[in-house]
Amino acid sequence: MTTIGIHDLAVATASHVVELDDLASRADIDPAKFRVGLGQEQMSIPGLDEDIVTMGAAAAQRIIDRHGVDGIRTLFFATETGIDQSRAAGVHVHELLGLPRSVRVVELKQACYSATAALQAAAGLIARNPDERVLVIASDVARYELDTAAEPTQGAGAVAFLVSADPAIAVLETAAGVYTAEVDDFWRPNDSVTAVVDGKLSVSAYLDGVAGAWDDYRSRGGVDIDQIDWFCHHQPFTKMAVKAHRALGQHLGVELAPELVTATTGYNRRIGNSYTASLYIALAALLEGENDLTGSRIGLFSYGSGSVSEFFTLVVQPGYREATRGAETEAILAARTPVDVPTYRELHDAAHRDSTVDVEIAPDSPGPFHFAGLSGRARRYTRD
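Residues numbered from 1 in each chain as written. Predicted model: local features only at pLDDT ≥ 70, side-chain atom pairs only at ≥ 80, totals over all residues. Heavy atoms only, no water.

### Observations regarding the UniProt feature "domain: Hydroxymethylglutaryl-coenzyme A synthase N-terminal" (unreviewed entry) in the protein
Item 1. The residues that UniProt annotates with the feature "domain: Hydroxymethylglutaryl-coenzyme A synthase N-terminal" (unreviewed entry) are residues 3–166.
Item 2. Between the first and last C-alpha atoms of residues 3–166 the distance is 5 Å; the span itself is 33% helix and 31% strand. (UniProt positions renumbered as here; feature names shortened; annotations may be inferred. Helix = DSSP H or I, 4+ residues; strand = E, 2+ residues; numbered from the N terminus.)

### Notes on the pattern of salt bridges
Item 1. Summed over the entire model, instances satisfying the criterion amount to 14 salt bridges.
Item 2. Notably, a salt bridge pairs glutamate 328 with arginine 62, separated by 2.6 Å at the nearest N-O pair. One end of the pair, glutamate 328, is in helix α11 (residues 326–334); the other, arginine 62, is in helix α3 (residues 52–67), with 266 residues separating them in the sequence.
Item 3. Accessibility expressed as a relative area gives 33% for glutamate 328, which makes it partly exposed.
Item 4. Relative accessible area serves as the criterion here: at 13%, arginine 62 is assigned to the buried category.
Item 5. In this structure, glutamate 328 engages arginine 325 in a salt bridge whose closest nitrogen and oxygen atoms are separated by 3.0 Å.
Item 6. Overlapping salt bridges bring together Asp8, Arg62, Arg66, Arg325 and Glu328 as one network. (Salt bridge = Lys/Arg side-chain N within 4 Å of Asp/Glu carboxyl O. Buried < 20%, exposed > 50% of the residue type's maximum accessible area, 1.4 Å probe, protein only.)

### As for the packing of aromatic side chains
Item 1. Under the definition given, this model contains 10 aromatic pairs.
Item 2. Geometrically, the ring pair formed by phenylalanine 186 and tyrosine 275 is edge-to-face, given 5.7 Å between the ring centres and 75° between the ring planes. Taken as a pair, phenylalanine 186 in strand β9 (residues 186–187) and tyrosine 275 in the loop between α9 (268–271) and α10 (278–287) lie far apart in primary sequence, 89 residues in all. Exposure class is identical for phenylalanine 186 and tyrosine 275. Each is buried.
Item 3. Aromatic rings pair up to connect Tyr144, Phe186 and Tyr275 into one cluster. (Phe/Tyr/Trp six-rings, centres within 6.5 Å; stacked < 30°, edge-to-face > 60°.)

### Re the UniProt feature "domain: Hydroxymethylglutaryl-coenzyme A synthase C-terminal" (unreviewed entry) in the protein
Item 1. Mapped onto this numbering, the UniProt entry gives "domain: Hydroxymethylglutaryl-coenzyme A synthase C-terminal" (unreviewed entry) at residues 175–245 and 259–319.
Item 2. Along residues 175–245, the helical share is 41% and the strand share 20%, with 20 Å between the first and last C-alpha atoms.
Item 3. As a span, residues 259–319 carries 30% helix and 28% strand, and end to end its C-alpha atoms are 24 Å apart.

This is the structure we're talking about:
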């Protein structure tokens, strides 16, 4: 029987970082409200020449550098901060990476959930033809209005992962539970670059999704809770994953050890919310951490506001350590340039850009890919 799953996984983020202690100080707020209450320490902030395309391409380039392009017939780009109402952001990535013309490119959207939809769709394509591989990119910039309760949960990040037969990192198991409910907890109107959020409703909708997706998972043949060794939950802020873990235990009438989920929060505490990428950045933190996960089953809960949820499992493969990228990820995080709060606010304001005005943006970030501006209302990109 052919197994299908994640063969490689790479993380990317923006080139600037804001310390939440600085944000708290400016607002005269106890830093513990962010560090403990939210579970956040820093947030990545894009420069003027960075966006979901440049971050996604940077993550995907590392996959291509290691594995080449042979067998890649599909590129799925998952995002909720899309840059165009028609063309997939992945088409820009396709060109920047020099992928073959014989690759289908599609963008998927359902708030923070759609990277999981991409993973499941990729598994279906590979089940039909095990010689194919699918490149999945999840890339987002979480941006909220200044001086709001959601402001410290901003962030920016991307992951790319290669889905294949006989994966080196983790096998995707068949059983999956899904749960959908129309909820006005979070959305972004077409005429806004910032989201509309009902924080309390979003937390309750998230927890409803945990219970609903788990119940469906079990009804579809999923394993019992005591057969799952680690848990990754979507992390709009890392304390939310801890709340979800506790709520799942309460739903089942068992006590789940918090360390089974806190081991996934190390990167997201420093990057902030990355929407579609968040769950898989959590997975990277677990895989690249100190624990030996060989043979472990990981339960993953994916949530997208509005809302769609899914619970599924991965089984970590022998030798997975050789395929992980802990040193690379740490170097990327360490290389970010700290910016003060006034500079961050200037970058935040610059995101409000009129597409009818042509603009050239000089390369500034150290990454290989750059947003070069607008010409004739079309976005332009360059690579070093």
